[in-house]
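One letter stands for each residue in the lines below.
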Amino acid sequence: MSKKDEPKKLGKNGVDMGDRGVYDKRNTLNDLTGKEWVYFTNSVWITGYSPTAKENVGLKYRKIHPSPKPPALMKDIIEFFTKSDGKILDPFCGVGGTLLGAAMAGGDRQAVGIELEPKFIEAYQKVCETENMQLMTMINDDSNNMLQHPEVSETVFDLVIADPPYSDMMSKERTGQRKKLYNDSSPMPYTEESVDLGNMSQEDFFPALRNIMQHCFSRLKNKGYMVVFCKDFQPQPGKPNLLHADIINELCKIDGLVYRGMRIWHDQAMSLFPFGYPYSFVMNQIHQYVLIFRKEQ
Ligand SMILES: C[S@@+](CC[C@H](N)C(=O)[O-])C[C@H]1O[C@@H](n2cnc3c(N)ncnc32)[C@H](O)[C@@H]1O
């Protein structure tokens, strides 16, 4: 008898889910089996969402945004950190990667997103309409005002996903993948607004990010998770620019928010560029950090 055909050991809490493995009825975090759980805990996460992949739903409309996240990636995060009735908050929702991921994860999941720029919200709505996806709530405002909206202030969220702009990264000239995708190297800030975190100096950026994440934290259930995306800047002489470490340290100033670890996400659809050739090493940074925090009070 091959290992695959052996009867599964279910114990008193196990439920046989066929090829998915065994689900433990004591699982309070998600609806996954042990096998699926283990797969997600791998610290290196390699995906291959080409621009035309069907998982990259509605990219045709979402492409107006300089850095849209693949909805299928967000679906995997949502399925790990919520049960099928989970509530998800995204304070920087752009063209709705998280909201589309929540619709793909299905069940009775509901997501609320906040975004400064109306044209990104319109692009998200167009994707939902043309792809027949469940339309989630998107609020057009500065996330500093999130508690003024009943959709946020009257909901207890199971999960917060944040993909913030990083300081003035977007207002710099585009290189590599971003230049290739948009066939243009001119700077492309998300908005012209001073409250846009992408238009701030590094000095102003850290407390501004913490302030918004503090609001999210106040609406997160105890033992709920907060997932934050980030990418390091290129190191400069005298300035290592380990942004992911700086973000972890900044967010740990929120009393009750505990850093639990990270996943390194690499999308194989990204191309490499000969930066620095033939004179010096310049990193091709094709990974992003997915930083994971938990509310523990
Ligand atoms: C990296 S993008 C997020 C992309 C998103 N994950 C997606 O899939 O489209 C960050 C977004 O945050 C928005 N943003 C920046 N500052 C903001 C603020 N204070 N309040 C709300 N949105 C803000 C920007 O306009 C931008 O669209």
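Residues numbered from 1 in each chain as written. Predicted model: local features only at pLDDT ≥ 70, side-chain atom pairs only at ≥ 80, totals over all residues. Heavy atoms only, no water.

**Student:** Would you take a moment to explain the overall build of the protein chain for this structure?
**Tutor:** Across its full length, the protein chain carries 9 helices and 10 strands. Relative to the 2.2 N^0.38 estimate, which gives 19 Å for 297 residues, the radius of gyration of the protein chain is 20 Å and therefore close to what a compact globule would have. Each principal axis of the C-alpha atoms in the protein chain carries an extent, and together these give about 60 × 50 × 45 Å. A total of 297 residues make up the protein chain; the buried ones form 47% of that total. Counting every atom, the protein chain has about 15,200 Å² of accessible surface; 52% of that belongs to carbon and sulfur. Across the protein chain, 36 positive and 38 negative side-chain charges occur, with their mean positions spaced 7 Å apart. (Helix = DSSP H or I, 4+ residues; strand = E, 2+ residues; numbered from the N terminus. Rg over C-alpha atoms; globule rule 2.2 N^0.38 Å. Buried < 20%, exposed > 50% of the residue type's maximum accessible area, 1.4 Å probe, protein only. Areas by Shrake-Rupley, 256 points an atom, 1.4 Å probe, with all protein chains shown as cover. Lys, Arg positive; Asp, Glu negative; His and termini not counted. Charge placed at Lys NZ, Arg CZ, Asp CG, Glu CD.)

**Student:** It is not clear to me how the site of the ligand should be interpreted in this structure. Could you clarify?
**Tutor:** Taken together, 25 residues are adjacent to the ligand, and His 65, Val 95, Glu 115, Ser 143 and Asp 163 come closest. In the model, a nitrogen atom of the ligand is placed 3.0 Å from a nitrogen or oxygen of the Val 195 main chain. Separating a nitrogen atom of the ligand from a backbone N or O atom of Leu 197 is a distance of 3.2 Å. A per-class count over the shell around the ligand returns 12 nonpolar, 7 polar and 6 charged. (Near = heavy atom within 4 Å. Polar contact = N/O pair within 3.5 Å; in protein donor to acceptor, adjacent residues only side chain to side chain. Nonpolar A, V, L, I, M, F, W, Y, C, P; charged D, E, K, R; others polar.)

**Student:** Which parts of the structure should I look at to understand the nonpolar core?
**Tutor:** Burial of nonpolar side chains together is a common tendency in soluble globular proteins. With 36 residues, the main nonpolar core has Ile 77, Phe 81, Leu 159, Ile 161 and Phe 229 as its most contacted residues. Going through the elements one at a time, helix 3 (71-81), helix 4 (97-105), helix 5 (118-131), strand 7 (157-162), strand 8 (220-230) and strand 10 (287-295) are the ones with two or more residues in this core. Counting 35 residues, the second largest nonpolar core, distinct from the first, contains Ile 139, Phe 157, Tyr 289 and Phe 293. (Core = buried A, V, L, I, M, F, W, Y, C linked by side-chain atoms within 4.5 Å.)

**Student:** Mind showing me how you'd approach the sheet that holds strand 8 here?
**Tutor:** Where strands meet in a sheet, backbone hydrogen bonds hold them as pairs that are either parallel or antiparallel. One open sheet holds the 8 strands; their spatial order is 3-9-10-8-7-4-5-6, and the pairing between them is mixed. Strands with a single pairing partner mark the edges of an open sheet, and in this sheet they are strand 3 (44-47) and strand 6 (137-140). The mean angle between the axes of side-by-side strands here comes to 20°, regardless of whether they run parallel or antiparallel. Bridge count between strand 9 (residues 257-267) and strand 10: 9 bridges; the pairing is antiparallel. (Pairing = 2+ DSSP bridges. Axes fitted to C-alpha atoms, helices over the stretch in contact; angles between N-to-C directions.)

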